[in-house]
Amino acid sequence: MTTRRTRPAPRPPEGTPPRAELARQARTVLADAVRIAHWAAGAPGPGATAPLAAHALERAATALELSPAQVRAGWDRARLAGLIELHGDTARPGWRLRAWDRDDSAVLRGWVALFDAWSLVHAAPAGIEAGAVAEAVEAVPQVLSLLQLSAGPVTVPALLDLLGQRVAELHEERCEVPLGPGRPATAPTAAGTTADRPDPAAGTGGTDADLNALLLDWALEGLAAVGALTLGHGHATLTPLGNWAVWVKLEQICVAAQSPAGNIEQSAADMLLGCARLTPGPARDEYRAWLAARTVGSAVAELLAVARGQDALLRGLAFEALRVVGAPAEPEVRAVLAEPSLRPYALLWLAEYEGNDPDDAQDILSREEATWLWVDTAAAVADHGETGLLVRHLDTAVQGTVPALLDEVRAVGHPRTVQVLVALAAAHPDPALAKAVRRAAFQVHTGGA
């Protein structure tokens, strides 16, 4: 037996402004993006598309009295911060835009989404191979940690030394031989031939140190562009927003290190099974711990892969974990709406993500989708729950009567329909109802009406 210790809510570092002030600063950083998003929401006719069409760009620049470059930059920020949502080739105002003036939490989440996407806001220098850019992005959290722990300006040479160390560690982890001043002038291309390797630091000999310096400058400029830090002569300093965001992410890592159930080393499926018997609060702590130990993209992909599996319980739990991920999971969740087995879960996830009351979220499901979800949930109960819970699950169906439920369950085509009906018939204490349910199971099994 192990006893779970409750960890007191951590306090931000001394001197961190209150959330209302942080939200005010975030609104300032994203002011142009909000103006452009509002313009797109009220733009007449087509044109608010992604990427912003040339004629729409001109209209926005004129209406907002901004340069085309400012409009384009604000448009990209609006997309990355969730102020604009893409639906095919059309952009629509996101739920954060509607909540922008009244919900500080929505504002801060929007800014953090932009902060996480800093490498997309500021284009990488031309001529640098993608692998080197990816390594720099992967090393930046250590640079930010040093800035946060220093609680003041840090010199660029110190940041460059840390970046170089982290990149070297990444090479060592991948068993790569470091390339020094004697690196070859050619490298394999995607087609397997050789081509001239771009040399962004040709004037200084093209060493790894030169490349790291160029990438550090790019990273610092990108982080400054989203309001996470300020640049001085030879040094960088986190802004209050940046300091708060890095602290939050460090706290997430601490939670991961203290995961009492040991789930952070498990696969998504094993982690979810380990959380199945936990109450919602402790389960969310475990989800956060598991997520903090992985990149967002890989974690979301692994959770959705589990959701596509045969275990209905894991399907539901996967979407509970995705609720903890929040905004970064939204594009991937929206993308699975076309998959019948995931669509009801995705619709409910998106409804809650967009601010709808969870008690009312069921109203967005069609009758067929609600019936599919009822069968899927019943399958989870039949596989992992108690018989009494399966009987009580009857009361959650949208149909008013058992005969109506059975008619629609037969028509919905869920692959577990027969097993669910057989289990329900075996568990129900009413002989007449159990007989009707068994008859329905037989009809589905034999393909009868």
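The structure presented is a predicted model; accordingly, all values stated were derived computationally and were not measured.

About the criteria used
- Residues numbered from 1 in each chain as written.
- Predicted model: local features only at pLDDT ≥ 70, side-chain atom pairs only at ≥ 80, totals over all residues.
- Heavy atoms only, no water.
- Helix = DSSP H or I, 4+ residues; strand = E, 2+ residues; numbered from the N terminus.
- Buried < 20%, exposed > 50% of the residue type's maximum accessible area, 1.4 Å probe, protein only.
- Contact = heavy atoms within 4.5 Å.
- Areas by Shrake-Rupley, 256 points an atom, 1.4 Å probe, with all protein chains shown as cover.
- Pairing = 2+ DSSP bridges.
- Axes fitted to C-alpha atoms, helices over the stretch in contact; angles between N-to-C directions.
- Parallel < 35°, antiparallel > 145°, perpendicular 65-115°, else oblique.
- Left-handed = near helix turned anticlockwise from the far one by under 90°.
- Nonpolar A, V, L, I, M, F, W, Y, C, P; charged D, E, K, R; others polar.
- Salt bridge = Lys/Arg side-chain N within 4 Å of Asp/Glu carboxyl O.
- Phe/Tyr/Trp six-rings, centres within 6.5 Å; stacked < 30°, edge-to-face > 60°.
- Core = buried A, V, L, I, M, F, W, Y, C linked by side-chain atoms within 4.5 Å.
- 1 Å grid on protein atoms, 1.4 Å probe; cavity = no way out; pocket = protein on both sides within 12 Å on 5 of 7 lines; lining within 4 Å.
- Points joined across faces, edges and corners; volume = space filled by probe spheres on them.

## Points about the overall build of the chain
- Helix and strand counts for the chain come out as 22 helices and 7 strands.
- Counting every position in the chain, which comprises 449 residues, the buried fraction comes to 42%.
- Contacts spanning at least 24 positions in sequence make up 63% of the contacts within the chain whose residues lie at least 6 apart.
- For the chain, the exposed area adds up to about 23000 Å²; of that, 56% sits on carbon and sulfur atoms.

## A short note on the pairing of strand 7 (residues 235-238)
- Strand direction decides the pairing type here: strand 3 (residues 154-155) and strand 7, joined by 2 bridges, are antiparallel. Bridge pairing in strand 7 links T155 to H235.
- Sheet analysis places strand 6 (residues 229-231) next to strand 7, joined by 3 bridges and oriented antiparallel. From the neighbouring strand, L229 faces strand 7, where its bridge partner is L238.
- As consecutive antiparallel partners, strand 6 and strand 7 are separated by 3 residues, and within that stretch G234 has a phi angle of approximately 80 degrees, a positive value.

## Points about the packing of helix 18 (residues 367-384) against helix 21 (residues 417-427)
- The contact between helix 18 and helix 21 brings their axes to 9 Å, and the two run at 60 degrees. The angle between helix 18 and helix 21 places the two elements in the oblique class. For the pair helix 18 and helix 21, the sense of crossing is left-handed. Contacts from W374, V375, A378, A379 and A382 of helix 18 reach helix 21 at T417, V420, A423 and L424.
- Across the contact of helix 18 with helix 21, the residue classes break down as 8 nonpolar, 1 polar and no charged.

## Side note on the packing of helix 20 (residues 402-412) against helix 22 (residues 431-446)
- The contact between helix 20 and helix 22 brings their axes to 10 Å, and the two run at 15 degrees. It follows that helix 20 is roughly parallel to helix 22 by the angle criterion. Between helix 20 and helix 22 the crossing geometry is right-handed. Contacts between helix 20 and helix 22 involve V402, L406 and R410 on the former and, on the latter, L433, A436, V437, A440, Q443 and V444.

## Section: the pattern of salt bridges
- This model, assessed by the stated rule, comprises 15 salt bridges.
- Here R323 ties to E352 by a salt bridge, and the two come within 3.1 Å at their closest N and O atoms. With a gap of 29 residues between them, R323 in helix 15 (residues 312-325) and E352 in helix 17 (residues 343-353) connect regions that are remote in the sequence.
- A relative accessible area of 26% places R323 in the partly exposed class.
- A salt bridge links E408 to R367, with the nearest nitrogen and oxygen atoms 3.0 Å apart. Of this pair, E408 sits in helix 20 while R367 sits in helix 18, placing them 41 residues apart in sequence.
- A relative accessible area of 44% means that R367 is categorised as partly exposed.

## Concerning the packing of aromatic side chains
- Under the definition given, this model contains 4 aromatic pairs.
- Measuring from centroid to centroid gives 5.5 Å for F319 and Y345, while their planes differ by 20 degrees, and the two rings are stacked. A residue pair is termed long-range when its members are at least 10 positions apart, and F319 in helix 15 and Y345 in helix 17 qualify at 26 residues.
- Taking relative accessible area as the criterion, F319 reaches 0% and is therefore assigned buried.

## Points about the sheet that holds strand 7
- Pairing in this open sheet of 3 strands is antiparallel, and the strands run 3-7-6 from one edge to the other. One side of each edge strand has no neighbouring strand; the edge strands of this open sheet are strand 3 and strand 6.
- Packing of helix 8 (residues 130-150) onto the sheet brings it into contact with strand 3, strand 6 and strand 7, and relative to strand 7 it is tilted by some 75 degrees.
- Its contacts with the sheet place helix 10 (residues 208-225) against strand 6 and strand 7, and it is angled at close to 125 degrees to strand 6.

## Looking at the nonpolar core
- Formed by 61 residues in total, the largest nonpolar core has its most connected members in L83, W111, F115 and L147.
- If you tally residues by element for this core, the top one is helix 8, at 8 residues.
- Apart from the residues within four sequence positions on either side, L147 is in contact with G152, V154, L159, L229, A236, T237 and L238.
- Membership of the second largest hydrophobic core comes to 40 residues, among which are F319, V325, W349 and Y353.

## So, helix 17
- With 9 of 11 residues buried, helix 17 is to be regarded as a mostly interior element.
- Taken together, the buried positions of helix 17 are P344, Y345, A346, L347, L348, W349, L350, A351 and Y353.
- Those residues of helix 17 hidden inside the fold are in contact with helix 5 (95-99), helix 15, helix 16 (330-335) and helix 18.
- Positioned one or two residues after helix 17, G355 has a phi angle of 100 degrees, which is positive.

## As for unusual backbone geometry
- Of note in the backbone geometry, E65 takes a positive phi value of approximately 55 degrees without being a glycine.
- Tracing the chain through its elements places E65 in the loop between helix 3 (54-64) and helix 4 (68-80).
- Positive phi is not limited to glycine here, since A151 has a value of about 55 degrees.
- Tracing the backbone through its elements, the reader meets A151 in the loop between helix 8 and strand 3.
- Exposure remark for A151: the relative accessible area of 69% places this residue in the exposed category.

## Considering the layout of surface pockets
- Considered as a void within the structure, the second largest pocket measures approximately 1100 Å³ in volume.
- Along its surface, the second largest pocket is lined by 39 residues, and L313, G316, L317, E320 and T377 are the ones closest to its centre.
- Elements supplying a minimum of two residues to the lining of the second largest pocket: helix 12 (268-275), helix 13 (280-292), helix 15, helix 17 and helix 18.
- In terms of residues, the lining of the second largest pocket owes the most to one element, helix 18, which gives 8 residues.
- In the lining of the second largest pocket, the residues fall into 23 nonpolar, 10 polar and 6 charged.

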